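# Structural features, examined
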Amino acid sequence: MIVPKLPSTTKESKVNHFMTLNPWPRIGDWSTFEALAKLQNEAVGRTVSVARQSPFYEQRLSAGVKFSDIPLTSKEDLRNGYPYAFLAIPRHEVATYHESSGTTGQPIASFQTEADWRECVDRFTRGAARLNRDDWVLVKTPYSMATTAHQMHNAALMCGATIVPADNRTSMMSYPRVLHLLSSLGISVTWSLPSEPLFWAAAAWARGLEPTDVGKSLRAFVVAGEPIGPAKRKRISEIWGAPVVEDYGSTETTSLAGECCEGVLHPWADRFLMEIYDPLTGTIARHGRGQLLVTTLYREAMPLIRYNLEDIVELWDEPCSCGWVLPKIRVLGRPSSLTGNTAIELNQSSIDEVVYRLPMEFRALFWRGVMADNRLRLEIEAEPAVMQECGRHLRQELEKNLGIPAEVLAVPHGALVSREFLLRETPFVKPRFLCSSLDEWEQGLICQ
Ligand SMILES: [Zn+2]
C-alpha cells in the first residue's frame, strides 16, 4: 500500500481550522450576481492554496499562479492519481472513502472529511423536497463505494427524518419488497435514479396494484444520476400522484445543483465555481453551453480545480421567483448523438421526451432503440389492446419531433422487462458451514 506523505504540522493545523475560520456561505448572504461572483473569486484563492497540499496539485500549481492560467483537471488525471494523489489532508482526517466505478479501467477515488459531509448536506437539503422530521425516506441508491446513498442518508439524519436504508443492486431489495416498504411504512420521500419509479410502477401493475394505492404517503421522488426531461417527470408524477424533484451531482463532487420551489434547477454557485468549456475552441467562460468545469470552494479532503465532468450543460444568470440569487442550469448529459450527423441531436433524453408524452393508457414505460442504416429502430412495451395504435402513434411522433425515419415495434408488457425480473424475490442466505439434523444438508455452504 502506498501511504501518502503526511503534511507538516503547520499544514495540518491549517486544515483543522479551515472550516471554523471560514464557514461556508448561506443563501441570503449575497443579494446580487455581482456579489456572488465576488464571493466566488475570494474563495478560489483559498481553494488553490489548500489544493496545493495534495500531491497532484503540489506538482501542477506553482505558487502565485493565476486562476485563469490553471489547466483543466481531467477524469484521466483522477484515474491516474488513484488512490491518493488528490488527497489534501492527512489520512487520519478522512471520514469516508468512496470510488466511482467508471466504465473502464481504474476507478476514481474520492475522500470526505466530517466537515465536507456537513457542507454537502447543508447545500443538498436546500432542494425543494425540504426534508423534515415527519419524513420516512427510502434511500434506494447504492451504499457501496459511491457517495449517493450516504448523501441522502446524512441529509435525512440532519433533518431529523427517518431513514430506510434500502440500497440498490442487492438481492435483498427486490421490487416486491420496495412496494411492501412504500405501502406498509408510509414512505414519504424516495431517493433513486429517475427510472426507478417506473420499475416500481411496472412491478405494481404486474401484481394488479395501482401505484397511487401503494405509495399513498409519497410526497416527493428525489432523483439524480441521469438526465430527466419534462415528459418523463410528468409521467412519473401522473403514475404515482407525487412530484419529482431533481438533483444533479457526481460521486467526486456530491450535489452540484438542486431544484428550488419553482421547479428550477440551480447550481450551488456559492459552494462551487462553475465554468463552461468549449472543447472545440478551448475557450472557458462563466456562462453558456458546453462541458461543465467545477472548482470546489469549501472542500477539505479533496479540493478539485477546473475538474471537467464532461457533462454538457447550459448555465446562465437570471433572476428566479424563488428568491435565490443563483444561476440556472440545464443538464444535457453526455454528448451521445447516435446518428453521426451533428445536425440531428439524438440521445436517450430526446427519445424519452417523445415516449413519455404518449397517452397514459398505453402504459408505455420501457423502450429500447438502435440506429441502423440512418433509421431509428425502436421497441416499446405497451398494453396488449393498444399495441398497434401505440406503435403507429410513436412512429409518427418520433419522425415529426426528431426528423429521422423510425421503425417502431410495440411489444406486450414483459417482452423487454420480464415479469420474473419485476417480481423475483431472492432472499440472501448466509453461507452455512454446519447443518443440524433438521436442516437440508444439501443446502449447506452453497454460494452460487
Ligand atoms: Zn429558483
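To keep things clear, this report deals only with the structure shown in the data block. Nothing here was measured: the structure is a model prediction, and the numbers come from that model.

Once that is clear, we can look at the overall build of the protein. In terms of regular secondary structure, the protein is built from 13 helices and 17 strands. Put simply, the protein has 448 residues, and 38% of those count as buried.

What follows covers the sheet that holds strand β10 (residues 272-277). The strand order β11-β10-β12-β13-β14 describes an open sheet built from five strands, whose pairing is antiparallel. The two strands at the open ends of the sheet, each matched to only one other strand, are β11 (284-285) and β14 (328-333). Judged from the five bridges that link them, strand β13 (residues 307-316) and β14 form a sheet pairing that is antiparallel. Each residue of the ladder has a partner; that of I312, found in β14, is G333.

The periodicity of an α-helix, 3.6 residues per turn, causes residues three or four places apart in sequence to face the same way. The first and last C-alpha atoms of helix α2 (residues 33-51) sit 26 Å apart over 19 residues, in line with the 27 Å expected at 1.5 Å per residue. Among all positions of α2, only Q40, A43, T47, V48, V50 and A51 are buried.

The strand order across the open sheet formed by three strands is β15-β16-β17, and the pairing between neighbours is mixed. Both edges of this open sheet fall to β15 (367-372) and β17 (406-412), since each of them pairs with a single strand only. Adjacent strand axes in the sheet meet at a mean angle of 15° when their direction is disregarded. Pairing analysis gives seven bridges linking strand β16 (residues 375-382) to β17, with the strands arranged parallel. In the sheet register, L378 faces β17, and the bridge partner there is V408. Contacts from helix α12 (residues 387-402) reach β16 and β17 within the one sheet, and its direction differs from that of β17 by about 150°.

The next thing to look at is helix α10 (residues 230-240). Buried within α10 are the following residues: K232, R233, R235, I236, I239 and W240. Seen from one end, α10 has its buried residues packed into an arc of 165°, which puts them on one side. Against α8 (196-206), α9 (211-214), β6 (220-223), β7 (244-250) and α11 (348-355) lie the buried residues of α10. Just downstream of α10 lies G241, where phi reads positive at about 75°.

Our focus in this paragraph is the nonpolar core. One finds V137, V294, V355 and I380 to be the most contacted residues of the largest nonpolar core, which totals 107 residues. Taken domain by domain, the makeup of this core includes at least three residues from each of domain 1 (9-333) and domain 2 (348-417). Apart from the residues lying within four places of it in its own chain, the contact partners of V355 are A364, W367, I380 and L394.

So, on to unusual backbone geometry. Most peptide bonds take the trans configuration, and most residues that are not glycine carry a negative phi. Along the chain, Y82 connects to P83 via a cis peptide bond; the corresponding omega equals -5°. Turning to its location among the elements, P83 is positioned in the loop between α4 (75-80) and β1 (96-100). Non-glycine residue R130 carries a positive phi angle of around 45°. Along the chain, R130 turns up in the loop between α5 (114-124) and β3 (136-139). In this structure R130 comes out as partly exposed when scored by C-beta crowding, with 14 C-beta atoms within 10 Å. Positive phi, normally seen in glycine, also occurs at M145, with a value near 70°. Turning to its location among the elements, M145 is positioned in the loop between β3 and α6 (148-158).

Topologically, E196 is positioned in helix α8. Residue E196 is classed as buried on the basis of its 21 C-beta neighbours within 10 Å. Taking the C-alpha atoms as reference points, E196 and V223, 27 residues apart in sequence, are found 8.9 Å from one another.

Rules behind the numbers
- Residues numbered from 1 in each chain as written.
- Predicted model: local features only at pLDDT ≥ 70, side-chain atom pairs only at ≥ 80, totals over all residues.
- Helix = DSSP H or I, 4+ residues; strand = E, 2+ residues; numbered from the N terminus.
- Buried ≥ 20, exposed ≤ 12 C-beta atoms within 10 Å, placed from the backbone.
- Pairing = 2+ DSSP bridges.
- Expected span 1.5 Å × (residues − 1).
- Axes fitted to C-alpha atoms, helices over the stretch in contact; angles between N-to-C directions.
- Contact = placed C-beta atoms within 7 Å.
- Arc of directions from axis to C-beta.
- Core = buried A, V, L, I, M, F, W, Y, C linked by C-beta atoms within 7 Å.
- Domains from an automatic or database assignment.

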